[in-house]
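# Architecture at a glance
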Amino acid sequence: METIDKIKQQISENAILLYMKGSPKLPSCGFSSQAAQALMACGEKFAYVDILQNPDIRAELPAYAQWPTFPQLWIEGELIGGCDIIIEMFQKGELQPLIKEAAERRDGEAAE
């Protein structure tokens, strides 16, 4: 499978997806850590891809997303943004309903 196809598949299969360095429990950079903490504080499950373990995705995703840095948060197929945007949205109370609604739709589909 081509890397771009793999990225598209990950984005389409996961309602809430964080591309980050490391994992939510063991992040490998401060920005990824902050982004993962904000997502975890929203209280819904989310998928993540450790780009340090996937150098092909690390190389290809910035061009596909037209976003040069990591972490990257994708919700229902749309790029939300990186660490600064995630934190700002969380502090304004905008991230929580977005995450909750995506999780409800995802969980609703799984129940059908």
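What counts and how
- Residues numbered from 1 in each chain as written.
- Predicted model: local features only at pLDDT ≥ 70, side-chain atom pairs only at ≥ 80, totals over all residues.
- Heavy atoms only, no water.
- UniProt positions renumbered as here; feature names shortened; annotations may be inferred.
- Helix = DSSP H or I, 4+ residues; strand = E, 2+ residues; numbered from the N terminus.
- Contact = heavy atoms within 4.5 Å.
- Phe/Tyr/Trp six-rings, centres within 6.5 Å; stacked < 30°, edge-to-face > 60°.
- Buried < 20%, exposed > 50% of the residue type's maximum accessible area, 1.4 Å probe, protein only.
- Pairing = 2+ DSSP bridges.
- Axes fitted to C-alpha atoms, helices over the stretch in contact; angles between N-to-C directions.

## Brief notes about the UniProt feature "binding site: glutathione" (unreviewed entry) in the protein chain
UniProt's entry tags Lys 21, Arg 58, Phe 70, Cys 83 and Asp 84 with the feature "binding site: glutathione" (unreviewed entry), counted in the numbering of this structure. Assignment of secondary structure puts Lys 21 in the loop between strand E1 (16-20) and helix H2 (30-41). Ignoring sequence-local partners within four residues, the contact set of Lys 21 consists of Pro 27, Ser 28, Cys 29, Ser 32, Asp 50, Ile 51, Leu 52 and Arg 58. Looking at the secondary structure, you find Arg 58 in helix H3 (residues 55-65). With residues near it in sequence (within four places) discarded, Arg 58 still touches Lys 21, Ile 51, Leu 52 and Phe 70.

## A few points about the packing of aromatic side chains
Counted under the stated rule, the structure contains 1 aromatic pair. Relative to Trp 74, the ring of Tyr 64 has its centre 6.2 Å away and its plane inclined at 25 degrees; by these criteria the two rings are stacked. Taken together, the residues Tyr 64 in helix H3 and Trp 74 in strand E3 (residues 72-75) connect sequence positions 10 residues apart. For Tyr 64, a relative accessible area of 33% translates into the label partly exposed.

## Re the sheet that holds strand E2 (residues 47-50)
Spatial strand order, E2-E1-E3-E4: 4 strands in an open sheet with mixed pairing. If you trace the sheet from one side to the other, it starts and ends with E2 and strand E4 (78-81), each paired once. In this sheet, adjacent strand axes meet at a mean angle of 25 degrees when their direction is disregarded. Both E1 and E2 contribute to a ladder of 4 bridges, which runs parallel.

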